[in-house]
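Architecture at a glance
Each chain, letter by letter, is given below.
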Amino acid sequence: MQKRLLVVASLLVAGFAAHAQQQPQFSHYGFNGMYLSPGYAGITNRPEVTFLGRYQYLNYAADFGDAAGAPNTFLLTASVPVLALNGGIGAQVYRDKIGNTTVTNTALSYAYHIKLNSGKLGIGVQGIFNSIAQGDFRAKDANDPNVPIASNDKKLDAGAGIWYQGEKFYIGGGVNNLAASKYKFDSRNTLGVVQKESATLTAARHAYLSTGYNFELSPSFVLTPTAVGKLDFEGTGKTFSFEAGVRGTINDRFWLGAGYRHQDAVTGLAGVSFAKNNMLRLGYAFDLVVFNSDAKARTSHELMLGLRLAEIVPSLRPIIRTPRYSF
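Now for a quick tour of the structure. (Residues numbered from 1 in each chain as written. Predicted model: local features only at pLDDT ≥ 70, side-chain atom pairs only at ≥ 80, totals over all residues. Heavy atoms only, no water.)

**A word on the overall build of the protein**
When helices and strands are counted, the protein shows two helices and 17 strands. Here the contacts in the protein between residues at least 6 apart in sequence split such that 58% fall between residues at least 24 apart. Accessible surface for the protein amounts to roughly 17300 Å². Of this, 61% is attributable to carbon and sulfur atoms. (Helix = DSSP H or I, 4+ residues; strand = E, 2+ residues; numbered from the N terminus. Contact = heavy atoms within 4.5 Å. Areas by Shrake-Rupley, 256 points an atom, 1.4 Å probe, with all protein chains shown as cover.)

The structure is reproduced here in structure tokens:
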């Protein structure tokens with residue numbers, strides 16, 4: 001079963017090849033399946049909390065004097081198994097700021113778990129609340145009535161996904177913004193008069209597919225190749241991108257890795273687990289732009305903080321019956 005899933009993953013990820021970014025991207029994608037699919041919720045059978053902070057294109061400065069457009073993103077996710085629900089629940093909050101646009105996303109997920117060979121399959125659904133705030137923009141064409149001014153809009157949306165977690169192998173993915181909600185913002189007409197909700201933006205559906213395999217090369221060293229594909233259904237066309245990489249982990253404690261983001265950058269990863277049972281994780285990722293660098297700064301930086309608690313094991317204590325309470 002795992003071999004079949006691995007073949008499917010290889011074919012799908014190989015087809016994700018272009019150069020667009022509509023939603024936040026993270027170099028630590030291999031540590032945070034909850035962001036990629038609601039099917040991940042509770043799948044590892046241990047409570048997890050992950051924080052990611054990303055500063056993309058450090059010190060990017062626009063030549064035309066406006067506020068810099070370098071993305072700054074903060075993401076917090078949580079995943080908890082719930083045995084009584086035969087699955088798990090998950091949550092995420094992220095704030096993504098690019099130039100004059102700020103997107104705040106909150107989501108709550110539930111995944112139903114199915115035993116599958118030596119692993120588990122999670123089938124998940126997700127409720128999403130998006131808030132998009134626009135600042136003042138300088139129009140390329142004077143008096144363009146479709147350029148938004150300071151205003152915001154909020155909408156509910158939904159997502160779905162699946163995730164298979166085996167002893168050494170995982171594959172999963174999801175789709176968000178299923179409703180493709182339309183957001184409306186104030187703008188000015190050619191006379192400079194404010195027009196209520198006249199500028200619009202449609203939230204594009206995004207699909208993710210991620211996979212990885214742990215090769216135990218020795219009792220103390222694990223080599224893990226990973227990949228993620230990203231598909232954006234914006235408008236009438238589609239844009240694709242993918243990342244692939246590998247990391248080595250020593251004693252489930254120290255790791256180093258390297259990766260490649262298609263037509264964008266090469267990445268490096270380093271991290272350490274510590275505290276009791278290595279339940280805390282601290283990681284750092286560095287991106288170096290090597291393609292299409294004219295409108296980008298050369299480097300991006302990302303910090304990860306993670307908490308992994310012990311696995312939740314159901315109680316198997318025998319039921320004790322006594323006549324004393326049989327009334």
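**Concerning the packing of aromatic side chains**
Counted by the stated rule, this structure contains twelve aromatic pairs. For the ring pair Y35 and Y208, a centre distance of 6.0 Å and an interplane angle of 55 degrees mean the geometry is tilted. With Y35 in helix α2 (residues 33–36) and Y208 in strand β10 (residues 206–213), the pair connects residues that are 173 residues apart, well separated along the chain. Pairing Y260 with F291 gives two aromatic rings, centres 6.3 Å apart and planes at 80 degrees, and the pair type is edge-to-face. A residue pair is termed long-range when its members are at least 10 positions apart, and Y260 in strand β14 (residues 254–261) and F291 in the loop between β16 (280–289) and β17 (299–308) qualify at 31 residues. Overall, F291 belongs to the partly exposed group, its relative accessible area being 35%. Through a chain of ring-to-ring contacts, three or more aromatic side chains come together here, namely F26, Y35, Y94 and Y208. The lysine or arginine in question, R247, covers the ring of F31, its NZ or CZ lying 4.3 Å from the ring centre. (Phe/Tyr/Trp six-rings, centres within 6.5 Å; stacked < 30°, edge-to-face > 60°. Buried < 20%, exposed > 50% of the residue type's maximum accessible area, 1.4 Å probe, protein only. Lys NZ or Arg CZ within 6 Å of the ring centre and 35° of its normal.)

**Quick notes on empty space enclosed by the protein**
Over the atoms rolls a probe the size of a water molecule, and its path tells where empty space is left. By the definition in use, this model includes five cavities of 30 Å³ or more. The calculated volume of the largest cavity comes to roughly 150 Å³. Lining the largest cavity are 16 residues, with Q23, Y35, Q92, Q126 and N176 positioned closest to its centre. At the level of elements, α2, β3 (87–98), β5 (119–134) and β7 (169–176) are the ones that each hand at least two residues to the lining of the largest cavity. (1 Å grid on protein atoms, 1.4 Å probe; cavity = no way out; pocket = protein on both sides within 12 Å on 5 of 7 lines; lining within 4 Å. Points joined across faces, edges and corners; volume = space filled by probe spheres on them.)

**Here we look at the side chain of D287**
Mapping D287 onto the fold places it in strand β16. We classify D287 as buried; its relative accessible area is 1%. One polar contact links D287 to R261, side chain to side chain, over a distance of 3.0 Å. (Polar contact = N/O pair within 3.5 Å; in protein donor to acceptor, adjacent residues only side chain to side chain.)

**A few points about the pattern of salt bridges**
Oppositely charged side chains can form a pair if their charged atoms are brought close together. Tallying each qualifying case throughout the model produces eight salt bridges. Its salt-bridge partner being R54, residue D287 comes within 2.7 Å of it at the nearest N-O pair. In this pair, D287 is assigned in strand β16 and R54 in strand β1 (residues 48–55), connecting sequence segments 233 residues apart. Neither D287 nor R54 differs from the other in exposure class; each is buried. Residue R261 is joined to E243 by a salt bridge in which the shortest nitrogen-to-oxygen separation is 3.1 Å. Taken together, the residues R261 in strand β14 and E243 in strand β13 (residues 239–250) connect sequence positions 18 residues apart. Among the residues examined, E243 registers a relative accessible area of 3% and is labelled buried. What you see here is one network of salt bridges that share partners, running through R54, K230, E243, R261, D264, D287 and E302. (Salt bridge = Lys/Arg side-chain N within 4 Å of Asp/Glu carboxyl O.)

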